[in-house]
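For reference, the chains in residue letters:
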Amino acid sequence: CEYFKSNNGAQGFEADHYLRLHGNYSQSFAQKSLKVILSDDLGQQYIDYTIIPEKPNVTKYKSFNVRNGGVDNFPCGIGMAFDYPTHFADDFQQRAASTTHVDYIGSQPCIVFLNGFYWGVYEIRERGDENYLEQNHGINPDKVDIIRFENDVLEGSFDNFANASNFVITNS
């Protein structure tokens, strides 16, 4: 992939990477979200570049998402505001949270060309994973348990969460 700055067209970075479809429901849309993953076996473990301007201290990315707007991508046809998707509702909500003491996922609008073809307006977005915790908070990614939805373990194990849950249930 190549990233060009919007203000002057200069190249920001270039990298060989893996590219995978990303998202749940939004995978059914014509405009797909993508996951960019860097790897040692492709010659580059991370991108050393500030992709998200409002997070100047985050300069190394092992992966990031190129997001289609999620559920704010597709008109619902119910005669409401949802009929006019903006592609930036999630980003707007995350940026609103940035002025509080709540953690937020940073993003940057972009235009995607894939194999020379225009794919549309997207946003480059941090991934909420163990690398996010390392880059944003200095937390060792090897000491992280990430569990989502119905006890689906993304990183680490379920053991500490189960122990904490049992403690709270037993002692409340």
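Presented here is an overview of the structure given in this document. Remember, predicted model here, so these are calculated numbers, not experimental data. (Residues numbered from 1 in each chain as written. Predicted model: local features only at pLDDT ≥ 70, side-chain atom pairs only at ≥ 80, totals over all residues. Heavy atoms only, no water.)

**Describing empty space enclosed by the protein**
Within this structure, the stated rule accounts for 1 cavity of 30 Å³ or more. Estimated volume of the largest cavity: approximately 80 Å³. For the lining of the largest cavity, the secondary-structure elements that each account for two or more residues are strand 6 (60-61) and helix 2 (130-137). Taken together, the residues that form the lining of the largest cavity break down as 3 nonpolar, 3 polar and 5 charged. (1 Å grid on protein atoms, 1.4 Å probe; cavity = no way out; pocket = protein on both sides within 12 Å on 5 of 7 lines; lining within 4 Å. Points joined across faces, edges and corners; volume = space filled by probe spheres on them. Helix = DSSP H or I, 4+ residues; strand = E, 2+ residues; numbered from the N terminus. Nonpolar A, V, L, I, M, F, W, Y, C, P; charged D, E, K, R; others polar.)

**Focus: the nonpolar core**
Formed by 18 residues in total, the largest nonpolar core has its most connected members in F13, I47, I51, F64 and V66. Among the elements of the structure, strand 4 (33-37), strand 7 (63-67), strand 8 (107-114) and strand 9 (117-125) are those that each provide at least two residues to this core. With residues up to four places along the chain from it excluded, the contact list for F64 reads F13, L34, K35, V36, I47, I51, I124, R125 and R127. (Core = buried A, V, L, I, M, F, W, Y, C linked by side-chain atoms within 4.5 Å. Buried < 20%, exposed > 50% of the residue type's maximum accessible area, 1.4 Å probe, protein only. Contact = heavy atoms within 4.5 Å.)

**Regarding the sheet that holds strand 8**
Taken in spatial order, the 5 strands make up an open sheet running 3-4-7-9-8, and their pairing is antiparallel. Two strands close off the open sheet at either side, each with one partner strand: strand 3 (18-22) and strand 8. Strand-to-strand twist of the sheet, defined as the mean angle between neighbouring strand axes without regard to direction, takes the value 30°. (Pairing = 2+ DSSP bridges. Axes fitted to C-alpha atoms, helices over the stretch in contact; angles between N-to-C directions.)

**Structural notes on unusual backbone geometry**
Look at N115: it is not a glycine, yet its phi comes out positive at around 55°. Along the chain, N115 turns up in the loop between strand 8 and strand 9. Phi angles above zero are rare outside glycine, and N151 is one such case at about 65°. Structurally, N151 is set in the loop between strand 10 (146-148) and strand 11 (152-155). When its relative accessible area of 44% is taken as the criterion, N151 is described as partly exposed.

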